[in-house]
Amino acid sequence: MTQKAFKVLSFGIVLLLASCSKNVKPSTYYSPNFKDGGVDRHDGLGFEIPVKYAIDVFYFNESPKQSYEVIESISISGEVPLENNQTVNGKMLNRGNHQTKKQEILSQLVEKATEMGASALMDVKYQVYSTQYANGYTFSGKAIRYVLK
C-alpha cells in the first residue's frame, strides 16, 4: 500500500515539475516569431520590434555595414496625463506607454525619416520620464542615407 502511495506521489511531483517548466523563458534578446516567421528582438525598448519596416532600423550601438551619411537627428516627444488606473493612494503603479503606443510612435519616427529620403534609421532610443501628473517620452534616432564609395 505504501509503495502505491509513493508511486502516485512521485508521479504527481514529476507532473508538477513538468508543468512549471513550460513557463520558463530563455534569457535572450531573440524569440521565435511563428506568426510572421523569423525572430522577434527585445532590445530594451520595452516592446517587441516588428519584423519589417519600409527602411532599415538600427538600435542603440548597431550600425549598417554599408557606408552612410547622416541626414539629420530626429525625435518625437510627448507628455500624456496619468490615467486613473496608474495610481493608487498617490503612488504610481504603471509608468511609460503601452506597447502598441510605442510601436505607433516608432512607426511615426520611421515615416518621418522616410519623408526625408533616408535609407535607414540608426541609433534609435526610447526614453521615458514620469512626473506627479504625467508620463513623458522621447523617441530619437538619426536618419541616414546609404552612399557609394
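Structure first, text after, so check above.
As the structure is a computational prediction, the values presented were derived from the model and not from experiment. (Residues numbered from 1 in each chain as written. Predicted model: local features only at pLDDT ≥ 70, side-chain atom pairs only at ≥ 80, totals over all residues. Heavy atoms only, no water.)

**Student:** Could you clarify how one ought to interpret the sheet that holds strand β8 (residues 134-146) in this entry?
**Tutor:** Strand-to-strand pairing in sheets goes through backbone hydrogen bonds, with the strands running parallel or antiparallel. Strand order in the open sheet formed by 4 strands is β3-β7-β8-β4, with mixed pairing between adjacent strands. The sheet is open, and its two borders are formed by β3 (56-59) and β4 (68-81), each paired with just one other strand. Averaged over neighbouring strand pairs, the angle between their axes works out to 25 degrees when direction is ignored. In this sheet, β8 lies alongside strand β7 (residues 120-130) in antiparallel orientation, the contact comprising 9 bridges. Looking across to β8, one finds that Tyr126 is bridged to Phe139. Relative to β4, helix α2 (residues 99-115) is tilted by about 145 degrees, and along the sheet it contacts β3, β4, β7 and β8. (Pairing = 2+ DSSP bridges. Helix = DSSP H or I, 4+ residues; strand = E, 2+ residues; numbered from the N terminus. Axes fitted to C-alpha atoms, helices over the stretch in contact; angles between N-to-C directions. Contact = heavy atoms within 4.5 Å.)

**Student:** How should I be thinking about the pattern of salt bridges in this particular structure?
**Tutor:** Between side chains of opposite charge, a pair can form as their charged atoms come close. Counted according to the given criterion, the structure contains 2 salt bridges. One salt bridge in this structure joins Arg145 and Glu69, with 2.7 Å as the shortest N-O distance. With a gap of 76 residues between them, Arg145 in strand β8 and Glu69 in strand β4 connect regions that are remote in the sequence. Of the residues examined, Arg145 reaches a relative accessible area of 31% and is grouped as partly exposed. Given a relative accessible area of 36%, Glu69 falls into the partly exposed group. Residue Lys125 is joined to Asp123 by a salt bridge in which the shortest nitrogen-to-oxygen separation is 3.6 Å. (Salt bridge = Lys/Arg side-chain N within 4 Å of Asp/Glu carboxyl O. Buried < 20%, exposed > 50% of the residue type's maximum accessible area, 1.4 Å probe, protein only.)

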